[in-house]
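# Results of the structural survey
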Amino acid sequence: MKTLLVILMSAMLTDNFVLSKFMGICPFLGVSKKLDSASGMGIAVTFVMICATIVTYPIHHGILVPNHLEYFDTVVFILVIALFVQIVETVLKKTIPSLYKSLGVYLPLITTNCAVLGVTVLNIDNGYGFLQSIVSALGAGLGFMLALVIFSGVRRKLEFADIPETFKGVPATLIAASIVSVSFMGFSGLFG
Amino acid sequence: MAENKRSPVRELTKGIIKENPTLVMLLGMCPTLAVTTQAMNGIGMGLATTFVLLGSNIVISALRRVIPDKVRIPSFIVIIASFVTLIGFLLEGFVPSLYDSLGIYLTLITVNCIIFGRAEMFASKHGIGVSILDALGMGLGFTLALFLMGSVREILGSGKWMGLTIPLISESPMLLFIMPAGGFFTLGCIIAAVNKIAKRKPPCEVGCSECPHAESCGGRAGDKP
């Protein structure tokens with residue numbers, strides 16, 4: 001139980017996917033302008049991460065490893081993720097249209113979000129068990145959401161700041177991200 | 001983008017400076033920030049990406065009339081992922097030290113928006129010849145940007161550069177620069193410098209214009225002001 005908690009917290013805080021592993025930077029910079037879109041994207045990514053882990057884990061350990069085809073991981077995983085995003089989109093559209101309306105726009109963006117492929121590959125590389133993989137995916141997704149939500153607050157302030165002309169836009173955003181990343185460095189060493 | 005009148009030289013050089021994928025179009029930020037703690041890693045990542053980009057552009061432009069429009073995205077993904085697996089094997093076999101230092105980011109070339117973007121925007125609409133030039137130009141531009149980032153971070157963060165020791169800085173290097181926070185900071189400053197030199201109006205959207213999904217999301221996810 002304790003190890004699961006450590007995996008969850010370290011995936012969320014110490015090894016935050018966005019701020020210390022640099023995965024999912026595109027949505028982090030693109031979708032963090034407003035709080036509601038930031039949390040929507042965060043929820044969608046967390047959901048896809050957990051589902052992708054649930055699907056890819058048995059594929060890797062049940063099909064690829066017994067047939068010595070581990071090197072097909074990348075091809076298979078990315079296909080599974082793309083397929084999965086498509087299924088989620090279709091199912092949501094038919095069954096819960098209200099949720100689709102709020103999450104739908106983010107779903108196509110998730111296929112090429114490197115954090116999703118990253119978490120599935122890392123779970124295999126770290127040799128996690130099934131439950132551990134799911135917990136680590138949950139932590140990664142929550143960490144992604146946390147970073148996006150915190151950063152959307154920072155960007156709101158940034159909009160009213162008086163920034164030199166050349167730094168306006170992306171450069172100022174990146175430097176703000178660097179300061180947020182410094183604050184996350186405070187978590188390092190928290191869970192040995 | 002679709003005009004065919006451009007000269008071959010223009011296709012090759014546009015990616016290096018004018019449409020530099022990282023510094024101007026702001027694509028492929030994840031590897032740009034992650035592997036550039038050393039200049040050498042930056043070059044390695046850049047060349048690996050160029051290899052994948054070259055391979056995927058050739059195959060996709062050769063198959064552009066065969067792949068049905070509806071399944072083009074999964075097809076592109078499979079082609080790109082195959083080349084990533086290939087370069088993974090090559091690096092593991094011939095340059096194991098680079099393979100170890102790139103780690104998971106080598107796998108993540110698969111989801112690098114530069115490769116996907118070029119497949120969607122260029123290779124699926126143009127012939128093999130210009131697609132090769134386009135891939136070489138874009139790959140070279142990416143490599144240069146990574147090399148620049150890696151050099152700045154390695155010199156300031158560890159006082160070394162490509163095996164040389166830099167006097168003065170190496171006595172008390174600014175460790176922050178090789179940490180994640182320094183990556184964001186360096187990239188922000190380099191993009192600001194590029195803006196200043198090019199006297200260009202800073203882009204208001206992050207990569208959305210070139211994102212392969214811009215059409216399906218209609219830019220809505222980016223919250224246009």
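Our structure's up above, just so we're on the same page.
Criteria and thresholds
- Residues numbered from 1 in each chain as written.
- Chains lettered and ligands numbered in written order.
- Predicted model: local features only at pLDDT ≥ 70, side-chain atom pairs only at ≥ 80, totals over all residues.
- Heavy atoms only, no water.
- Contact = heavy atoms within 4.5 Å.
- Salt bridge = Lys/Arg side-chain N within 4 Å of Asp/Glu carboxyl O.
- Polar contact = N/O pair within 3.5 Å; in protein donor to acceptor, adjacent residues only side chain to side chain.
- Helix = DSSP H or I, 4+ residues; strand = E, 2+ residues; numbered from the N terminus.
- Nonpolar A, V, L, I, M, F, W, Y, C, P; charged D, E, K, R; others polar.
- Phe/Tyr/Trp six-rings, centres within 6.5 Å; stacked < 30°, edge-to-face > 60°.
- Buried < 20%, exposed > 50% of the residue type's maximum accessible area, 1.4 Å probe, protein only.
- Core = buried A, V, L, I, M, F, W, Y, C linked by side-chain atoms within 4.5 Å.

### Some thoughts on the interface of chain B and chain A
The interface is formed by 47 residues belonging to chain B together with 45 residues belonging to chain A. Across the chain B-chain A interface, the total number found is 0 salt bridges. Viewed at the interface, chain A and chain B are joined by 3 residue pairs in polar contact (both at pLDDT 80 or more). Those elements giving two or more residues to the side of chain B that touches chain A turn out to be helix H2 (29-34), helix H4 (72-94), helix H6 (104-107), helix H7 (113-123), helix H9 (180-198) and helix H10 (214-217) of chain B. Top contributing element to the side of chain B that touches chain A by residue count: H9(B), with 11 residues. Of the residues assigned to the side of chain B that touches chain A, the class counts are 34 nonpolar, 9 polar and 4 charged.

### Focus on the packing of aromatic side chains
All names here are of chain B. Scanning all chains against the criterion turns up 9 aromatic pairs over all chains. When the ring of Phe147 is compared with that of Trp161, the centres are 6.1 Å apart and the planes differ by 50°; the resulting orientation is tilted. Within this pair, whereas Phe147 is found in helix H8 (residues 128-158), its partner Trp161 is found in strand E1 (residues 160-161), the two being separated by 14 residues in sequence. Accessibility expressed as a relative area gives 23% for Phe147, which makes it partly exposed. Take Trp161: its relative accessible area is 27%, and that puts it in the partly exposed class.

### Comments concerning the nonpolar core
Inside soluble globular proteins, nonpolar side chains tend to come together where they are buried. Residues Met23(A), Ile25(A), Phe28(A), Met41(A) and Ile110(A) are the most contacted members of the largest nonpolar core, which totals 101 residues. Apart from residues no more than four positions distant in its own chain, Met41(A) is found in contact with Pro27(A), Val31(A), Tyr106(A), Leu109(A), Ile110(A), Asn113(A), Phe144(A) and Leu148(A).

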